[in-house]
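Overview (structure and organization)
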Amino acid sequence: MSMSFKNIALVVAFLFAVNMGFSQTVVFKEKVDTTKPLSTPKKSKNSRFYMHSYLAAGLLFGENGTDVENKFGGRFFTYGYRMKLKLNKAQALVLDLRYAFDRSYFNVDANPFDESMRLIGGNATFHDFQGAVGHRFNFDWNRGDALGTYLDISAFGGFNMGSTLRLTASQATNSEIRVTSTYNRIPMESRVYYGFEARLGYKKYALYARIASEFASWASSDNNALAWTQFYGYHSQPLAIGLELSF
Amino acid sequence: MAKCSLFILAMFLAFGSVQGQQKYYAYLSDKEGVEFQPDEYFHPKALERRERCGVKVNKTDFPLQQAYVQKIAEKSDSVGFQSRWFNMVVVWSSDERIAQISELPFVRKVEKAAPTGVKVTGAESEDDDGQAYLSQLAYVNFQLKRMDGYRFHKKGYRGEGVRVAVLDAGFTDADVHVGLQHVKIEATYDFVKKSSFVYDYSWHGTGVMGCIGGMFNDTQATGLATQATFLLARTERGKREYFGEEENWLAAAEWADQKGADLINSSLGYTVPRYFREQMDGEYSLVSRAAQMAFNKGIVVLTSAGNEGQNDWKYLGAPADADSVLAIGGINASNDRKIGFSSYGPSSDGRVKPNVVALGQGISAYGAKNKFQKQSGTSFSSPFAAGFTACYMQAYPDKTQHEVFNGIQESAHLYPYFDYVHGYGVPVAWKALGEENAWQEGDGKLISEGGDLYLEVEEKYFFEHLNADSSQLARKNIYFHVEAENGILMYYAVLNSSDPKTKILSFSDHPEAQTIRVHFEGKTLSHHLK
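The structure displayed is predicted, hence computed values, not measured ones.

The secondary structure content of chain B amounts to 15 helices and 26 strands. Across the 530 residues of chain B, 64% fall into the buried class. Contacts in chain B between residues far apart in sequence, at least 24 positions, make up 76% of those at least 6 positions apart. When the accessible surface of chain B is totalled, it reaches about 19,500 Å², and 48% of it is carbon and sulfur.

All names here are of chain B. Read from one edge to the other, the open sheet built from 4 strands follows the order β2-β3-β1-β4, with strand pairing classed as antiparallel. One side of each edge strand has no neighbouring strand; the edge strands of this open sheet are β2 (78-83) and β4 (107-112). Going from strand to strand, the sheet's axes swing by 25° on average, the running direction of each strand aside. Pairing of strand β1 (residues 22-28) with strand β3 (residues 88-93) involves 6 bridges; the strand directions are antiparallel. Within the sheet, the bridge partner assigned to Tyr25 lies in β3 and is Val90. Strands in contact with helix α4 (residues 66-75) are β1, β2, β3 and β4; relative to β2, the strand with the most contacts, it is inclined by about 150°. Against the sheet, helix α10 (residues 246-258) touches β1, β2 and β3, its axis set at about 45° to β2.

Below, the discussion takes up the environment of Gly387 of chain B. Residue and element names in this part refer to chain B. Residue position: Gly387 is located in helix α12 (residues 378-395). Put simply, Gly387 and Asp168 are 219 residues apart on the chain and 16 Å apart in space, counted from C-alpha to C-alpha. Apart from residues no more than four positions distant in its own chain, Gly387 is found in contact with Ile212, Leu224 and Ala225.

Counting across every chain of the model gives 32 aromatic pairs over all chains. Ring geometry for Phe28 of chain A versus Tyr344 of chain B: centroids 6.4 Å apart, planes at 25°, classification stacked. With Phe28 of chain A in strand β1 (residues 24-31) and Tyr344 of chain B in the loop between β16 (326-331) and β17 (356-359), the pair connects residues from two separate chains. Pair check on accessibility: Phe28 of chain A and Tyr344 of chain B agree, each one buried.

We now examine the packing of helix α9 (residues 204-213) of chain B against α12 of chain B. Working note: a packed helix pair is described by the angle between its axes plus the distance between those axes. Residue and element names in this part refer to chain B. The geometry of α9 relative to α12 is characterised by a closest axis approach of 7 Å and an angle of 35° between their N-to-C directions. At the point where α9 passes α12, the crossing takes the right-handed sense. Along its contact with α9, which presents His204, Gly207, Val208, Cys211 and Ile212, the element α12 presents Ser379, Phe380, Pro383, Phe384, Ala386 and Gly387. Here the contact of α9 with α12 is built from residues that sort into 7 nonpolar, 4 polar and no charged.

This part is about the pairing of strand β26 (residues 523-528) of chain B. Relative to β26 of chain B, strand β25 (residues 515-520) of chain B runs antiparallel, the two sharing 6 bridges. Residue pairing for β26 of chain B: Ile516 of chain B is matched across the bridge by His527 of chain B.

Another aspect to go through is unusual backbone geometry. All names here are of chain B. Pro346 follows Gly345 through a cis peptide bond whose omega is 0°. Considering the arrangement of structural elements, one finds Pro346 in the loop between β16 and β17. Residue Pro416 is bonded to the preceding Tyr415 through a cis peptide linkage, with omega at 10°. Looking at where Pro416 falls in the secondary structure, it is placed in the loop between α13 (401-410) and α14 (429-432). Here the phi dihedral of Lys369 falls at roughly 50°; this positive angle occurs in a residue that is not glycine. Within the fold, Lys369 resides in the loop between β18 (363-366) and β19 (372-375).

Conventions used here
- Residues numbered from 1 in each chain as written.
- Chains lettered and ligands numbered in written order.
- Predicted model: local features only at pLDDT ≥ 70, side-chain atom pairs only at ≥ 80, totals over all residues.
- Heavy atoms only, no water.
- Helix = DSSP H or I, 4+ residues; strand = E, 2+ residues; numbered from the N terminus.
- Buried < 20%, exposed > 50% of the residue type's maximum accessible area, 1.4 Å probe, protein only.
- Contact = heavy atoms within 4.5 Å.
- Areas by Shrake-Rupley, 256 points an atom, 1.4 Å probe, with all protein chains shown as cover.
- Pairing = 2+ DSSP bridges.
- Axes fitted to C-alpha atoms, helices over the stretch in contact; angles between N-to-C directions.
- Phe/Tyr/Trp six-rings, centres within 6.5 Å; stacked < 30°, edge-to-face > 60°.
- Left-handed = near helix turned anticlockwise from the far one by under 90°.
- Nonpolar A, V, L, I, M, F, W, Y, C, P; charged D, E, K, R; others polar.

This is how it looks when you write it as structure tokens:
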């Protein structure tokens, strides 16, 4: 009995406390920085530091370091983060960190399998981590709080995290029957590469291009399969041209 | 590497062709030798207004020295609008040529006119064929009732004799809209297309006109100034454009001055990307300086605070930042408080902005093709206040622009209390006319107890406060602000309470506080700490 009375008392006390709590409600509130009522936030586009993410995609061109002939349509995709350090109205430093995905398509002459199969296509995919440091030239000095129109010239470096070779063949007598071979964990001659890139931007849009001068290329290995040997020294196509969208 | 170099070179060349001709403002040093006949240039109403406001014709009203303009034209690609007020000419020129122009002895300074981001401050809208509009009559009534506007009408104040210039993005079908047939339109000009036709391009101005002085079925006013005379100026190309031209606003303001405008309503705001927040000091942007000059010429200027309250920009834009412009914020009809999107103040130099507020959400206003629309935005708060101001000016025809500016602020329901989202509150006619309100001011006191500040309201008023009807929504809100030593508010809030004794704050939460003010039921109480 005494327990139940205690419980009731607790419930009443609780309800009373809750009721007290809800007797007034703050329906609007705002805190102001009195020393600087209106200041541009750090994420503002033309502030000293501006960080934002971006997405770029486009096409790959150029030689791949082997006799294998790339088809038109190699593509890249990058997603990264950029920090802009404004030096003055007209110049800034830009630092990029990004993931890069490159995929090239090619024709190969050699049959990777045996006489009963006919090769019908293939592609090579590179998953890279890239960093870039560059200089930004802004052309509209009176642009206000905007990215404006700019040209970035940067040096970039990359580290290959992995790559894949995929070859598809069909049966010589019946093209409906296909076999796809995928080579993963491909040994690398070098995983590090570098090059230069440029970006012509207008607001959040940019025309982007990069060219690699050193490459992450595939090494020879114990796997001396017929198809594999011709890819010794293969690297991603060096020239990339595409569009970039900043967020 | 060779390919890379070629590519970069190509990009430089491509960019070079984008650069080239730019727009500049060239400010001239004097108007030597220029003759001016005010009686020929100004409409008699303009001279009347200037006399009333004690504004004398001076050099800023004179046209530019055309010999100077001619010399600039010879050195530039082309010249455009010439501002009498700022002795300025718009110049299109290359960087090279503008350097030569800036060396001319009569050129005081040259400014580059960068792309701007203008936002017409209207938001969502829903079309309506008029039936739903009729069903919303109670709401339409409330739009005016919240300002106690019918008191003006009962006294015969409907803006008669007051000239209202509306600067907007277009006035589609305003000439044929059933709710605007009674309106007197004195003059129109499209400063974008340089023609007198303005009844196209955007419904926005049509909606704004309806909120200033529209009337439905010859009986139901949708704005208070149904007998005002309108001057319509189109100054912007569209609902939102990045290359808006502030000089169109300036040109329209000078035109409004010439045509005798007493009041300008501009539901446009210039913010990002053209400006930084710090530049919202009323002196930086051309449009704010133009609005200030219009006021100096005797014209009362009202502009919407903006719809940036929930965006990164957050604060008001130009010309709402100008010192003598009445910046109008938006409140919600359901709770009498700031609408989420209504822009925050103060100005970057800490002045009170917005100055006053009016309804701005779910507004029943006009659209194109004789339509009625449910619209939201501080674009519609500003014309409600403009209609109110026109009636006020009819009621007090001898008041100067300064007196009208102060009068509107002092007519607001929170005055002398203020904050940076509600300003001084909603202007109400009973205050404007110095009459008694339907409900008495509440009585209460501030009590400091155990490190906290409480508001204690007499029970009689407290229960009235709880039971306030929709026309007295303000009574439900308890406003308080904390002022720092430099006079800037460091904190402000609105409370709802169901207890006659309401805790306002703990002093320990605001160690820098200088003064705390609390407003409830028309009464402002102060507590000074230092």
